[in-house]
Amino acid sequence: MSDKQQFNIRVNGDDRAVTGKPSDTLLRVLRDQLDLTGAKRGCDQGVCGACTVLVDGTPQRACLSLAINCTGREITTVEGLAEPGALSKMQQAFVDSGAVQCGFCSPGMVLAATALLAENPSPGVEDIRSALSGNLCRCSGYEKIITAVQSVNAGLDQPEHDHAVGARAPRIEARDKVSGAARYVDDLNAPHMLHGAILGSSAPHARIVRIDADRARALKGVEAVLTGEDFPNRYGSFVKDERVLARGTVRYAGQPVAAVAAIDEDTARRALLLIDIEYDELPAATDTRASLAEDAPLIHDGFADYEKLNLRGAQLDAPDQEIGQGTDNVLWRVDISEGDVDAAWADCEVILENEYETHAQQHVYMEPCGALVEIDASGKLTIHSPSQSVHNVQAKVAEALGLPMTRVRAVSPFVGGAFGGKGGPHVQPITAALALATKRPVKLVLSRAEDFEFLRSRHPSRYRAKTGARRDGTILAREIEAVFDAGAYCDETPAVMCFGVFAARGPYNIPNFRGSGVAVYTNKLRTGSFRGFGGPQAAFVGESQIDELAAEIGMDPVELRIKNAMRTGDQYIGGQTVESCGYVACLEAARDAAIAAGAGNSSDAPPGRKRGLGYGSSLQICGSHSTSANVYLLPDGSVALNTGVVDLGQGSDTTLTQICAGALELPIGSVSFAAPDTDSSPFNWKTSASRVTYTAGRAVLDAANEVKRAILDNGAEMMECAVEDLELRPGGRVGLKGVAEQEITFRDISARAHYRVGGPIMGARSLMFDGEKLDPKRVLLDGFVFDNFGIYIFGAHAVEIELDEATGRVEVLRAWCAHDVGRAINPSAVEGQIEGGFVQGLGYALFEEMVWADGRLINPTLMDYKIPGIAEIPAEIHPIIIEDPEPTGPFGAKGIGEPGLVPVAPAIANAIYSATGARIRKLPLTPERVL
């Protein structure tokens, strides 16, 4: 007998009949029965605010509200805000102000802000912070959200630009995101769709003695149960050390050991409880010290037999010292040396040596990982999933399941943030295997806790750093030794560790540098790419020691940085010449702005509190790996752009569109951007490593210029003149130089090409970064997985903090964040990346930390793991754009995705020292450590 009942609820002005259990949440009813998916499932605990709706005008968490209790009340979802043919004023303000990035939190933010303005039409900043304090955003840094709310009734005009490049253009997809029209993977459904669920290991290290899934398979509604025995293939980026489901041994608590497909999610999760697994628990090593101990348990006893790969996917013939031997828990080793470090110590008048430690941070993208996999009659899979590369999903799923890539198609719906955490496979191989087993579509979306326990974190690290200098501040030598915690599987650890060692020289001319690193397996979830890719760890170490050196020799820390700073024409490790370097300009801009604002004066602090001003710098890279782009002139004279690049919320769709439009003198609206699809999109490695604007931007610009040449060639034939006599004119026209009335349109030219002469006009460009490679004659590079790094990018932050002497609590009051971006293609998007990176870095510096006890993660939810909300951000975050054009970049542009996070932790640590004289060398900078 069913316990479901029918009742009516009033939604967006309409009475709707629904059927549900008394326990059904309003969120479930809105999404599953009424297809109102603007309310998002972000945590199911009422913490993130992504499911916010208005009930009688008051914001409520739909995941905590029972649907049956909402009868007789007026419910408004984000879909109900839009006015006929137009967005609401609040929705439009979010679009115009650049307040939308990944968009997953935007519907909830918009509704909470709408309720605020209905009650208070002219809110102050503190009113806005209070009203939105229950709505989390991981992308934006909240600054532009505050601006959006303030602008609704302020009548602020949006600036207009006569050229696409440099315009503060609204994101091309922002209207969909603020209106609820944007579909993320959990918003998608398919006919006859099944639902998947994953069972994770309860033990951090154990042999699987027995798995009995008979009761689960017998449960009505269950269509498939898979275990590790169904997955013979190993896969991995550098070391093929993992399978889709654990087989024989589990190596971390939460590791997937079984998967179920059933008629609905409830049935799938009930089936998990019926799977009986017997474990023989083994000793676990849950940190690098324990893992490197002589009596440590061996985590991968078959390591010697694993296939080892390099970044390009070819067999790696590495010397023994570069990788582990399978007799201990060492995964990878790297050694870098340039100059003569040992000889340099004798010339140093000051030598500092200290140890530093960083911790595990969770990505906390607002959209948990998931996938919907469809299968056609021929057995071809179509994978809809949030990822950082559809091409990587295609390749990894094919590899994991032993399929040819022609049988795997990957497409990207909207992506609710990633930050590196969706760069590798997550649930796609499991979901694809369930679809293959059942011959039906399967959707599998992780809960927030499962996402925490199953996937990836930032690498914890330990460094020993030694820096030597003359008394005048000239730095002569630096030596670092690093230990990186890889977790239970390799993932991208070798690359992250290599950069974490390489970048420890920092943005400085240090002629003698030696760095070594060792990556170690532990019985925790795998660690992988995370915004900064080893740079935040290296910066915390290097920038902390720079300030320690300044204190030792009695020199201003900014002047010490400037004295040793890299400049245009200098070379980094391995001899790569830096052709564009605005680092000194960044330092000076951040310092001058902070000093002008009177930052860091403890006399301004209330009794019992101290203020300090600290600085931190960043050196990152952009431009790595390969990409491609196609540009096609449509018959009406507009343009179609296809790159394969996935927009994670950083705005790459818009930026690449602006580059294409700028090259062809078109308005942005005359360029369409194709969604990534492996069946039709040209290859792009990943949206990762701050590389898209530079690398994909170059491909787009070159392809657009190819179209431009064809347009001019056709125009010259049509106008019977030389190509050199023609010019592109704004709005899709070609004209005779110096003769205003002599012109033809792109439409005319395209029609001729399509239907009369030559065929359609298209441009295509493929490229791999083509700059200088690291010189093996100049630098020792044992175990180093890269042969070049692309373009170097620089930044500097000044951060003012206030510290409570009684509790040790640190509050960041103001920040000035200067970054050299070469050329800001879209200044609003650049500012959003700087602000968002700063706030994510603030969480990393002060309170975000994944904590394990007995090998089990004890804070796997947003109730236990704190990320910065709008109430925790500084009163002022000032993004400062420095433009030092990169000669090889599209319109001079470089990347900006990661750098905003990198200097934050050292700047705050240095500010604490400035305020108190206390030097803290371990992250996070919690009140207990500060006190």
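Residues numbered from 1 in each chain as written. Predicted model: local features only at pLDDT ≥ 70, side-chain atom pairs only at ≥ 80, totals over all residues. Heavy atoms only, no water.

Is there a simple way to think about helix α14 (residues 493-502) in this case?
Along an α-helix, residues three or four positions apart point the same way, because every turn accommodates 3.6 residues. Here α14 lies mainly inside the structure; 10 of its 10 residues are buried. Where α14 is concerned, the buried positions are Thr 493, Pro 494, Ala 495, Val 496, Met 497, Cys 498, Phe 499, Gly 500, Val 501 and Phe 502. (Buried < 20%, exposed > 50% of the residue type's maximum accessible area, 1.4 Å probe, protein only. Helix = DSSP H or I, 4+ residues; strand = E, 2+ residues; numbered from the N terminus.)

What is the right way to read the sheet that holds strand β11 (residues 276-281) from this model?
Remark on secondary structure: sheet strands pair via backbone hydrogen bonds, oriented parallel or antiparallel. The three strands are arranged β9-β7-β11 in an open sheet whose pairing can be described as antiparallel. One side of each edge strand has no neighbouring strand; the edge strands of this open sheet are β9 (249-250) and β11. (Pairing = 2+ DSSP bridges.)

Just checking my understanding: could you explain the pairing of strand β3 (residues 52-55) for this structure?
A regular strand places its side chains on the two faces of the sheet in alternate fashion. Burial of the side chains of β3 extends over both faces: Thr 52 and Leu 54 are buried on one face and Val 53 and Val 55 on the other. Joining the antiparallel neighbours β3 and strand β4 (residues 58-61) is a turn of two residues, in which Asp 56 adopts a positive phi near 55°. Bridge count between β3 and strand β5 (residues 74-76): two bridges; the pairing is antiparallel. Looking at β5, one finds that Val 55 is bridged to Ile 75.

Hey, could you run me through helix α12 (residues 428-438) in this one?
Where burial is concerned, most of α12 is hidden: 10 out of the 11 residues are buried. Gln 428, Pro 429, Ile 430, Thr 431, Ala 432, Ala 433, Leu 434, Ala 435, Leu 436 and Thr 438 are the residues of α12 that are buried. Residue Lys 439 follows α12 closely and has a positive phi angle near 60°.

How should the pattern of salt bridges be read in this particular structure?
It is possible for side chains bearing opposite charge to pair when their charged atoms get close. On inspection of all chains with the given rule, the structure shows 64 salt bridges. Where salt bridges share partners, they join Arg 31, Lys 40, Arg 41, Asp 44, Asp 186, Asp 187, Glu 265, Arg 269, Lys 443 and Glu 450 into one cluster. (Salt bridge = Lys/Arg side-chain N within 4 Å of Asp/Glu carboxyl O.)

How should I be thinking about empty space enclosed by the protein in this particular structure?
It is a probe the size of a water molecule, rolled over the atoms, that shows where empty space is left. On inspection of all chains with the given rule, the structure shows 10 cavities of 30 Å³ or more. In this model, the largest cavity occupies a volume close to 550 Å³. Surrounding the largest cavity, 38 residues form its lining, Gln 650, Ser 690, Gln 833, Gly 897 and Glu 898 being those nearest its centre. Going through the elements one at a time, α18 (652-663), α19 (692-719) and α21 (827-846) are the ones with two or more residues in the lining of the largest cavity. Top element by residues in the lining of the largest cavity is α21. It accounts for three residues. When the residues that make up the lining of the largest cavity are grouped by side-chain class, the tally is 15 nonpolar, 18 polar and five charged. Of the pockets and cavities examined, the second largest cavity occupies roughly 160 Å³. Forming the boundary of the second largest cavity are 17 residues, of which Phe 533, Ser 624, His 625, Ala 689 and Phe 786 lie nearest the centre. For the lining of the second largest cavity, the elements supplying multiple residues, two or more each, are α14 and β21 (609-622). Class assignment for the residues of the lining of the second largest cavity results in 10 nonpolar, five polar and two charged. (1 Å grid on protein atoms, 1.4 Å probe; cavity = no way out; pocket = protein on both sides within 12 Å on 5 of 7 lines; lining within 4 Å. Points joined across faces, edges and corners; volume = space filled by probe spheres on them. Nonpolar A, V, L, I, M, F, W, Y, C, P; charged D, E, K, R; others polar.)

Hey, could you run me through the sheet that holds strand β26 (residues 733-736) in this one?
One open sheet accounts for three strands, arranged β25-β26-β27; its pairing is antiparallel. The open sheet terminates on both sides in strands that have one partner only, identified here as β25 (726-729) and β27 (739-745). For this sheet, the mean inter-axis angle between neighbouring strands, taken without regard to orientation, is 35°. Running at roughly 120° to β25, α19 makes contact with β25, β26 and β27 of the sheet. (Axes fitted to C-alpha atoms, helices over the stretch in contact; angles between N-to-C directions. Contact = heavy atoms within 4.5 Å.)

When you look at the packing of aromatic side chains in this model, what are you seeing that I'm missing?
Geometrically, a pair of aromatic rings is defined through the distance of the ring centres and the angle of the planes. The full count for this structure, using the stated rule, is 20 aromatic pairs. Between Tyr 252 and Tyr 489, the aromatic rings sit 6.4 Å apart at their centres with planes inclined by 75°, giving edge-to-face as the arrangement. A residue pair is termed long-range when its members are at least 10 positions apart, and Tyr 252 in the loop between β9 and β10 (256-262) and Tyr 489 in the loop between β19 (475-487) and α14 qualify at 237 residues. According to the relative accessible area criterion, Tyr 252 is buried, its value standing at 0%. Since its relative accessible area comes to 3%, Tyr 489 is described here as buried. Taken together, the ring pairs in this structure connect Phe 499, Phe 502, Tyr 572, Phe 784, Phe 786, Phe 789 and Tyr 792 into an aromatic cluster. (Phe/Tyr/Trp six-rings, centres within 6.5 Å; stacked < 30°, edge-to-face > 60°.)

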